[in-house]
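# A look at the structure
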Amino acid sequence: MARITAGVATSHVPLLGVAHDLGKDKDDYFGPIFAGYEWTRAWEKSEKPDVVILVYNDHASAFDMKVIPTFAIGCGERYKPADEGWGPRKVPDVIGHADLAWHIAQCLILDEFDMTIINEMDVDHGLTVPLSMMFGAVEEWPVKVIPLAVNVVTYPPPSGNRCWALGEAIRRAVECYGEDLNVQVWGTGGMSHQLQGARAGLINKEWDNDFLDGMIGDSDRLRHIPHIEYLRETGSEGIEMVMWLIMRGTMGPATRALHRHYHVPCSNTAIGHLVLEPAA
Ligand code: DHB
Ligand code: FE
C-alpha cells in the first residue's frame, strides 16, 4: 500500500530560486538561509520518496482572475516551469504521477471535497522553489510530483480548518492506493510577509514561532485560527500558511519534528521550514 511517511513545510520566496540559479547559495545574505536546508537535502537522499504531493499556490501564472479554483489537483503527466516575467527558470520539467493523482481526485471528490482537476498547466515559484531547496541543482527531479494548488491569492481563501480536513482526506486516499509507494506531503508558502501597501515588510517572529510550535505534537489548535488573525498578525501574504495545515492534516493526530529552521529576512518574508513525521 502507499504510505505518507513524512511532511515538509517550507517558504517559497522566488528570490531563493534566483539566488540558487545564480550560484549565490553561500553568500553572506543567502548562506544562513540555505544552511537551514542542508539537513533536509541529506535526509531526502536517504528517504528517497517516490511521490511528493506538493501543496502550493499559483501566483497568477497558470490561473488569473478568469478562473480561481479553491483546491485543484494536477492529474497530468508533466508540468513546465512557468514564465513569471523573466523567462522560465532553467530547472527540469516536473513529472507527475497521473495514476495516483486520479485515484486521489476520485477519493477526495467521493469524500465530498469538490476538487478541480487539472491536466495541463505550468508551475511557478510556489512549486519549483521548494523543489530546488530540497534537491539542489539536478538534471531531473528525483521524485514524481502531484501539484495541489490552493487559492490564497484572491479573497476568500479556504479556512484553515477545511485545509486540515482536506489533509485528513488525502491521507485516507493515499492509504487505499494499492501500489507500494513512499509518499511525502509538502506544504509551502509563508511565513509572515506582506508584499504591498502601508504594512509591506511586516514580519512577526513571535507569531511565526508559535505557529511552528503548533505544527509539532498532538494539538490541533492551529486549525481554528481565523483568516483575520493571519492578516492582522502575519500580513496579507501570511495567509499562505493555511497550506501548511493541509500537510499537517495528512500527518494524523500527532507529529514529531525531525528538523526546524527559521530565518529573517529573505526578501520581504520570514523563512520557515519544518520536517515532520507522523507520531501516532
Ligand atoms: C515573496 C514571497 C512570496 O511568498 C511570494 O510568493 C512572492 C514574493 C517575497 O518575499 O519577495
Ligand atoms: Fe507566495
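Below is a short write-up of the structure. (Residues numbered from 1 in each chain as written. Chains lettered and ligands numbered in written order. Predicted model: local features only at pLDDT ≥ 70, side-chain atom pairs only at ≥ 80, totals over all residues. Heavy atoms only, no water.)

### Considering the overall build of the protein chain
Within the protein chain, the regular secondary structure consists of 9 helices and 11 strands. Scaling as 2.2 N^0.38, a compact globule of 280 residues should have a C-alpha radius of gyration of about 19 Å, and the protein chain matches this with 17 Å. Considering only C-alpha atoms, the protein chain reaches an extent of 45 × 40 × 40 Å along its principal axes. Taken over 280 residues, the protein chain has a buried fraction of 57%. For the protein chain, contacts bridging at least 24 residues in sequence account for 81% of all contacts bridging at least 6. In the structure as shown, the protein chain presents an accessible area of about 11,900 Å², 52% of it carried by carbon and sulfur atoms. (Helix = DSSP H or I, 4+ residues; strand = E, 2+ residues; numbered from the N terminus. Rg over C-alpha atoms; globule rule 2.2 N^0.38 Å. Buried < 20%, exposed > 50% of the residue type's maximum accessible area, 1.4 Å probe, protein only. Contact = heavy atoms within 4.5 Å. Areas by Shrake-Rupley, 256 points an atom, 1.4 Å probe, with all protein chains shown as cover.)

### Brief notes about a negative patch on the surface
Negative charge collects at one region of the surface, where Asp50, Asp99, Glu179 and Asp180 lie side by side. Within the fold, glutamate 179 resides in the loop between helix H6 (160-174) and strand S9 (182-188). (Patch = residues over 30% accessible without salt bridge, like charges linked within 9 Å, V, L, I, M, F, W, Y side chains within 5 Å. Salt bridge = Lys/Arg side-chain N within 4 Å of Asp/Glu carboxyl O. Lys, Arg positive; Asp, Glu negative; His and termini not counted. Charge placed at Lys NZ, Arg CZ, Asp CG, Glu CD.)

### Some remarks on the site of ligand 1
Taken together, the residues surrounding ligand 1 are His12, Val13, Pro14, His59, His125, His193, Leu195, Glu240, Cys266, Ser267, Asn268 and Thr269. Interatomic distance of 2.7 Å between a side-chain N/O atom of histidine 59 and an oxygen atom of ligand 1. Between ligand 1 and the protein, one listed contact pairs an oxygen atom with a side-chain N or O atom of threonine 269 at 2.5 Å. Across the complex, the protein chains shield 89% of the 300 Å² of accessible surface that ligand 1 would expose by itself. A class-by-class count of the residues in the shell around ligand 1 yields 4 nonpolar, 7 polar and 1 charged. (Near = heavy atom within 4 Å. Polar contact = N/O pair within 3.5 Å; in protein donor to acceptor, adjacent residues only side chain to side chain. Nonpolar A, V, L, I, M, F, W, Y, C, P; charged D, E, K, R; others polar.)

### Concerning the pattern of salt bridges
Applying the stated rule across the entire model yields 10 salt bridges. Across the pair aspartate 93 and arginine 78 runs a salt bridge, and its minimum N-O distance is 2.9 Å. Placement of aspartate 93 in the loop between strand S4 (78-81) and strand S5 (94-95) and of arginine 78 in strand S4 is noted, with a sequence separation of 15 residues between them. By relative accessible area, aspartate 93 is classed as buried at 18%. Residue glutamate 277 pairs with arginine 256 through a salt bridge whose shortest N-O separation is 3.0 Å. Placement of glutamate 277 in strand S11 (residues 269-278) and of arginine 256 in strand S10 (residues 255-266) is noted, with a sequence separation of 21 residues between them. Residue glutamate 277 is classed as partly exposed on the basis of its relative accessible area, which comes to 24%. The partly exposed category is assigned to arginine 256, whose relative accessible area is 43%. Each member of the salt-bridge network shares a partner with another, and the members are Arg78, Lys80 and Asp93.

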